[in-house]
Amino acid sequence: MAKAKPRSKFKNKLNEVIDLARCMLGSLEDTKEVTSDRFSDDLIRQLNQSIYHAEALLAPLKNPRAGLVAEIFYQLGVLIGAAEAQIFSAYTTGMSKAQKSQGGKKGGQRGIYQKYELRLLKHFCRLHLKHYRNHAIALEAFNTETKVSMPISTWSELYSKFKRGEKLWQKSEICISPKKASKFLIETET
């Protein structure tokens, strides 16, 4: 078996860089659905141009100077890094948009219940004061009153916050500690 020439190994490595640049180009095109800005468009244009120059340098009939190859592939590396940063930025922008559409909760939708916060707190207070026998009965009463179907996991997370005396959501204006549950019920139900 013949060993590959050092020049062909080097050329294979450079072709791998070009392939990576093409992948980044495809990913950048995909991110335009989430965030479309001039920087992405300019980056796509520059990346296309650098890929074209790099491929031209590696054509079989060319015998480029080492300095020119280094310059083109250095530029290609810089553009790949910029593309990676832009793709990450688009990903985080997309994630934050998704979180806002789900009520601000990462990976979940417990924010949709914030409009029922006062009713939820009343049910938490009643549960804490043993007006309900257990969490299932309290949750069912809340779901019936609001005509929503909050999952038990969300109920448990929010009840844990209530027990610690924390706000249920960052933007909550109401914060009630379990110690003041009876006073809160009297104030809100009269």
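Structure: above.
In short, a report on the structure. (Residues numbered from 1 in each chain as written. Predicted model: local features only at pLDDT ≥ 70, side-chain atom pairs only at ≥ 80, totals over all residues. Heavy atoms only, no water.)

Some words on the nonpolar core
Using the following cut-off: By nonpolar core is meant a set of buried Ala, Val, Leu, Ile, Met, Phe, Trp, Tyr and Cys residues that side-chain atoms within 4.5 Å join together. Burial classes follow relative accessibility: with a 1.4 Å probe on protein chains only, a residue under 20% of its type's maximum area counts as buried, one over 50% as exposed, and anything between as partly exposed. Starting at the N terminus, helices and strands are each numbered in turn, a helix being any DSSP run of H or I of at least four residues and a strand any DSSP run of E of at least two. Whether two residues are in contact is decided by their heavy atoms, any of which lying within 4.5 Å being enough.
In terms of nonpolar packing, the biggest core is built from 23 residues, with L120, F124, M150, W155, F162 and L168 touching the most fellow members. Elements supplying a minimum of two residues to this core: helix 4 (117–128), helix 5 (135–146), helix 6 (152–163) and helix 7 (181–189). Counting residues per element, this core draws most heavily on helix 4, which supplies five residues. Excluding residues that lie within four positions of it along the chain, L120 makes contacts with F142, M150, W155, L158, L168 and W169. Counting 20 residues, the second largest nonpolar core, distinct from the first, contains L43, I44, I72 and L79.

Section: the packing of aromatic side chains
For clarity, the cut-off: Pairing of aromatic rings covers Phe, Tyr and Trp, the last through its six-membered ring, and needs centres within 6.5 Å; plane angles under 30 degrees mean stacked, over 60 mean edge-to-face, and all others mean tilted.
Tallying each qualifying case throughout the model produces six aromatic pairs. With a centroid separation of 6.3 Å and an interplanar angle of 50°, the aromatic rings of F142 and W155 are classed as tilted. Here F142 is found in helix 5, whereas its partner W155 is found in helix 6, with 13 residues between them in sequence. Here the aromatic cluster, defined as three or more aromatic residues joined through ring pairs, consists of Y116, F124, F142, W155, Y159 and F162.

Describing the packing of helix 5 against helix 6
Selection rule: Whenever a helix is involved, its axis is fitted only over the stretch in contact; in every case the axis is a line through C-alpha atoms, and angles between N-to-C directions fall within 0 to 180 degrees. Here is the rule for angles: anything less than 35 degrees is roughly parallel, anything more than 145 is roughly antiparallel, 65 through 115 is roughly perpendicular, and the remaining ranges are oblique. In this count, Pro and Cys sit with the nonpolar residues alongside Ala, Val, Leu, Ile, Met, Phe, Trp and Tyr, while Asp, Glu, Lys and Arg are called charged and the others, Gly among them, polar.
Orientation of helix 5 relative to helix 6, taken along the N-to-C sense of each, is 105°, at an axis distance of 11 Å. As far as their axial angle goes, helix 6 and helix 5 are roughly perpendicular. Residues H135, A138, L139 and F142 of helix 5 form the contact with helix 6, whose own contacting residues are I152, W155 and Y159. Each residue belonging to the contact of helix 5 with helix 6 can be placed in one class, and the counts come to six nonpolar, one polar and no charged.

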